[in-house]
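This is what each chain is made of:
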Amino acid sequence: MESSENESVSVREVHANGSRVVTSEIEAKLDEGNIQEAESALREGLSLNFEMFEFCPTVTFKTSTGSKGSLGKLEYQRGNVEAALRVFDGIDLQAAIQRLQPSFSDKAQVKKGRTRAESPSSVSQHAASLVLEAIYLKAKSLQKLGKYTEAASDCKSILDAVEKIFYQGIPDIQVDNKLQEIVSHAVELLPELWKQAGGYDEAISAYRRALLSQWNLDNDCCARIQKSFVVFLLYSGVEASPPSLAVQIEGAYVPKNNLEEAILLLMILIRKFCLGKAEWDPSVMEHLTFALSVCSQTSILAKQFEDLMPGVYHRIDRWNSLALCLSGAGQNDSALNLLRKSLHKHERPDDLTSLLLAARICSEDPYLAAEGVGHAQKAISNAHGLKEHLKGVALRMLGLCLGKQAKVASSDFERSRLQSKALESLEEAIRLERNNSDLIFELAVQYAEHRNLTAALRSVRHFFNETGGSILKAWILLALILSAQQKYLEAEVVTDAALDQTARWEQGPLLRLKAKLKISQSRPMDAIETYRYLLALVQAQKKSFGSFRMSSKDAEICLQKARELKEYSSAVFCLKDGQSQEALNAAINSVLIEPNYVPSKILMGALVQKIEPKALPAARSMLSDALRVEPTNRKAWYYLGLVHKQDGRMADAADCFQAAYMLEESDPIESFSAIL
């Protein structure tokens, strides 16, 4: 190598058997994929007999690390992995690192008049790149041969060596491109090798080391590693331990589990996309959607969709995604408004997914049910071809919307017609989706509300077969159906079985149900004991442990506590007893707060009939309105019969009393509609 004051040329040579060859020429040919030309150059320059090398590996060649690296690279690119591995095995990494390390550790200034290309650091970086590339290709060779643990060990040694050479981290400038490329490849490869070797804890450590150490990775490489780590955290089934204390910064957020760490990485990735530091990858939003949906944080997901730059998603796709997120967060009004925009005649009026989601939202509100029916019918007409499998879902939505619409029907005839159509739609849907557990349960509730208890019981058993008895509401529905059949002992057995399989903090509805069953069997003391346990459970949930003692004024105390917890609850107003006028005022307040609360309407009608005999038309109107909302309420029929009797309409009174008697024979201890 020769140098002058104005110009310097750095030439890397390999000497063997008295021959000399310039390695940069061979490396250039290899990088360009000209394997045959590189092989010819090596043969001509070093006069090596490759056949002898292949069949007589005991022959010793006095070649340098650079020549062995070039030979190994040549064999690797030709696909001769085993031959390449034999070449790489002859490289002493530790000795090479020890020779390289001092030149990087010394912080001597570059002499005046010498360019950067001549600096010792530049020459040492090239030497390091030769050694590390050889070890990297050796690791790749071992990977292809299925020796993943050995490959991971060699790949790790590359990173250990780099940390020894650049003990303060790889600097942003004056780093050989080839060296940086090798380091980046090794950092990205190491966790993949550990995963293939089954060393999942080592893979997690490798991922964290890649992201926390100073490797001077470019943004795209770092993004690939982050995404790969996210996929591993979310879907591998391996629970990652928290990061070690050595890498934790005081006051910084430390993820507690896989899900939190994955969400943190995904948000960092999205931030990079928004700042233009990495190329957009739509799968990142898909992974974030999954992660935030699992932890019921769809409102945060909606914020992420809103923060994305315009043009990343089509505006209609963004509206639909936002609507789904907001619906999951309980913001149905905002979600429905977005869907209405998406389904406008100038946008995508026939989008099946949007129609189904809009119908689902409308099915939860009786006053939106009519709109939901239109969306569901349109979805049914569009469910053909590749989307025909969604026809069952559309029929299910239609049945639910019709059932809700029936609750606000203006006449008995209209209500009966809508209820019949709702059942027909659900039955047609179940023929298309026989194993849809949610559909089976909804059909069971519809049967129960129509007092078709045999069909309801059959559907509940089908639901149990599909879910294995793991759903709490199925146990409650089964107990209610049995109570409607006057089988209180069997219903209590079902409740006890459900209590055995339910976590303590979820036993509240079952305990309330059990207490009512005991009251139905004329066992008030047992019911009080169950209510005592229920109240103790509520206290425990509020972390107010201690003894709970019942007094002679239990009812008044409980009512007062309920008022304090929910002062304006319609249910609380309905419970008020004592002076008739005071109770009537409370019932009126209850109806003003919640107009469709049936117990309040019944109480108003009964009190008006009792206090003001001249106001019988008002009482009749209130009770009829209660029956419009809940036509199977036996108390409403009974008090309506009293009103007709007091008004002298004996035939109408007899019909009402007969209806109340028939409903009493199939009346559950709690309303079926409360389950949905």
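Not measured: the values here are computed from a predicted model. What you see as residue numbers is a count from 1 along each chain, following the sequence as written. A pLDDT threshold of at least 70 governs which residues receive local features in this predicted model, and a stricter bar of 80 or more applies before side-chain atom pairs are shown or counted, although totals over entire chains, interfaces and linings include all residues. Heavy atoms from the whole structure form the basis of all side-chain values; hydrogens and water molecules are not counted.

## A few points about the overall build of the protein
Across its full length, the protein holds 33 helices and two strands. In the protein, which comprises 676 residues, the proportion classed as buried is 44%. Whether two residues are in contact is decided by their heavy atoms, any of which lying within 4.5 Å being enough. Put simply, of all contacts in the protein between residues at least 6 apart along the chain, 57% involve residues at least 24 apart. Accessible areas in this description were obtained via Shrake-Rupley with a 1.4 Å probe; residue shielding takes into account the shown protein chains only. A total of about 36100 Å² of accessible surface is found on the protein, and carbon and sulfur atoms cover 51% of it. A helix here means a DSSP run of H or I that spans at least four residues, while a strand means a run of E at least two residues long, and both kinds are numbered starting from the N terminus. A simple rule labels every residue: compare its accessible area, found with a 1.4 Å probe on the protein chains alone, to the largest value its type can have, and call it buried under 20%, exposed over 50%, or partly exposed in between.

## Remarks on the pattern of salt bridges
Salt bridge, as used here: a side-chain nitrogen of Lys or Arg that lies within 4 Å of a carboxyl oxygen of Asp or Glu. According to the stated counting rule, one finds 32 salt bridges in the structure shown. Note that Glu442 and Arg360 form a salt bridge whose closest N and O atoms lie 3.8 Å from each other. A residue pair is termed long-range when its members are at least 10 positions apart, and Glu442 in helix H21 (residues 437-449) and Arg360 in helix H17 (residues 352-362) qualify at 82 residues. What makes Glu442 buried here is its relative accessible area of 7%. Of the charged contacts, one joins Glu442 and Arg396 as a salt bridge, the two residues approaching to 2.8 Å between their closest N and O atoms. Placement of Glu442 in helix H21 and of Arg396 in helix H19 (residues 391-406) is noted, with a sequence separation of 46 residues between them. There is no split in this pair, since Glu442 and Arg396 are both buried. A single salt-bridge network, built from bridges that share partners, covers Lys156, Asp160, Glu163 and Arg209.

## Points about the nonpolar core
In this structure, Val187, Leu288, Leu477 and Phe672 are the most contacted members of the largest nonpolar core, which totals 143 residues. It is helix H23 (residues 472-484) that contributes the most residues to this core, ten residues altogether. Those residues in contact with Leu477, other than ones at most four positions away along the chain, are Phe441, Ala444, Val445, Val460, Phe672 and Ile675. Side-chain atoms within 4.5 Å link the members of a nonpolar core, which is a set of buried Ala, Val, Leu, Ile, Met, Phe, Trp, Tyr and Cys residues.

## Overview of helix H15 (residues 315-328)
The span you would expect from a helix comes to 1.5 Å times its residue count less one. The terminal C-alpha atoms of H15, which comprises 14 residues, lie 20 Å apart, in line with the 20 Å expected from a rise of 1.5 Å per residue. Those residues of H15 that fall on the buried side of the exposure criterion are Ile316, Arg318, Trp319, Asn320, Leu322, Ala323, Cys325 and Leu326. Lining the buried residues of H15 we find helix H14 (298-307), helix H16 (332-342) and H17. Directly beyond the C-terminal end of H15, a positive phi value near 85° is found at Gly330.

## Some points on the packing of H17 against helix H18 (residues 369-382)
For helices, the fitted line uses only the C-alpha atoms of the stretch in contact; every axis is such a line through C-alpha atoms, and the angle between N-to-C directions lies from 0 to 180 degrees. As a packed pair, H17 and H18 sit with axes 8 Å apart at the nearest point and diverge in direction by 150°. With respect to their mutual orientation, H17 and H18 come out roughly antiparallel. In this structure, H17 crosses over H18, and the sense of that crossing is left-handed. Between H17, through Leu352, Leu355, Leu356, Ala358, Ala359 and Cys362, and H18, the contact on the second element is made entirely by Ala369, Glu371, Gly372, His375, Ala376, Lys378, Ala379 and Asn382. Small angles under 35 degrees read as roughly parallel and large ones over 145 as roughly antiparallel, with 65 to 115 read as roughly perpendicular and the rest as oblique. Less than a right angle of anticlockwise turn of the near helix away from the far helix marks a crossing as left-handed, whereas a clockwise turn marks it as right-handed.

## A few points about the packing of helix H9 (residues 177-197) against helix H11 (residues 219-235)
Across the interface, H9 lies against H11 with an axial gap of 10 Å and an inter-helix angle of 10°. Regarding the angle of H9 to H11, the classification is roughly parallel. Taken as a pair, H9 and H11 cross one another with a handedness that is left-handed. Between H9 and H11, the residues in contact are Ser184, Val187, Glu188, Glu192 and Lys195 and Cys221, Arg224, Ile225, Ser228 and Phe232, respectively.

## Let's talk about the confidence of the model for the protein
Confidence in the prediction of the protein, expressed as mean pLDDT, is 80, and 76% of residues score 70 or more. Predicted confidence is poor over residues 45-63, with pLDDT under 50, and the contacts of this stretch with residues over four places away or in other chains come to 30 contacts. Known as pLDDT, the predictor's confidence for each residue is given on a scale from 0 to 100. Predicted confidence for residues 565-578 stays below pLDDT 50, and this span has 28 contacts to residues more than four positions away or in other chains.

## Some remarks on helix H30 (residues 598-611)
Between the first and last C-alpha of H30 there are 20 Å, a value that for 14 residues agrees with the 20 Å anticipated at 1.5 Å per step. With ten of its 14 residues buried, H30 lies for the most part within the structure.

## Re the environment of Asp218
On the secondary structure map, Asp218 appears in the loop between helix H10 (200-212) and H11. Judged by relative accessible area, which is 43%, Asp218 ranks as partly exposed. In this structure the side chain of Asp218 is engaged in a polar contact, spanning 3.1 Å, whose partner is the backbone nitrogen of Asp220. Definition of a polar contact: a pair of N or O atoms within 3.5 Å, with one able to donate and the other able to accept a hydrogen when the atoms are protein atoms, and with sequence-neighbouring residues admitted only if both atoms are side-chain atoms. At a separation of 2.8 Å, a polar atom in the side chain of Asp218 contacts the main-chain amide nitrogen of Cys221.

## Describing a nonpolar patch on the surface
On the surface, a cluster of nonpolar side chains totalling about 340 Å² of accessible area is made up of Val231, Tyr235, Phe290 and Val294. Elements that contribute at least two residues to the nonpolar patch include exactly H11 and helix H13 (282-294). Residue position: Tyr235 is located in helix H11. With a relative accessible area of 41%, Tyr235 lands in the partly exposed category. The patches reported here contain residues having more than 30% relative accessible area and no salt bridge. Joining distances are 9 Å for like charges and 5 Å for nonpolar side chains (Val, Leu, Ile, Met, Phe, Trp, Tyr).

## Points about unusual backbone geometry
One non-glycine residue with positive phi stands out, namely Asn216, at about 60°. With respect to the element layout, Asn216 can be found in the loop between H10 and H11. Its relative accessible area of 26% is what places Asn216 among the partly exposed residues. Non-glycine residue Ser522 carries a positive phi angle of around 60°. The exposed category is assigned to Ser522, whose relative accessible area is 62%.

## Describing the packing of aromatic side chains
Stacked, edge-to-face and tilted are the three classes for Phe, Tyr and Trp ring pairs, Trp counted by its six-membered ring, which pair at centre distances within 6.5 Å; planes under 30 degrees apart are stacked, over 60 edge-to-face, the rest tilted. Counted under the stated rule, the structure contains eleven aromatic pairs. Considering the side-chain rings of Tyr207 and Phe229, the 4.7 Å spacing of their centres and the 15° angle between planes classify their relative orientation as stacked. Of this pair, Tyr207 sits in helix H10 while Phe229 sits in helix H11, placing them 22 residues apart in sequence. Of the two residues examined, Tyr207 and Phe229, each falls in the buried class. With a centroid separation of 5.4 Å and an interplanar angle of 70°, the aromatic rings of Tyr638 and Tyr639 are classed as edge-to-face. Three or more aromatic residues joined by ring pairs make a cluster, and in this case those are Tyr200, Tyr207, Phe229 and Phe232. Across from the ring centre of Phe441, 4.5 Å away, lies the NZ or CZ of Lys473, which sits over that ring. In our convention, an over-ring charge means Lys NZ or Arg CZ found within 6 Å of a ring centre and within 35 degrees of that ring's normal. Residue placement shows Arg504 over the ring face of Trp505; its charged tip is 5.2 Å from the ring centre.

## Some details on the side chain of Gln143
With respect to the secondary-structure elements, Gln143 resides in helix H7 (residues 120-144). Residues within four places of Gln143 in sequence aside, it is in contact with Tyr148, Ala151, Leu189, Leu193 and Gln196.

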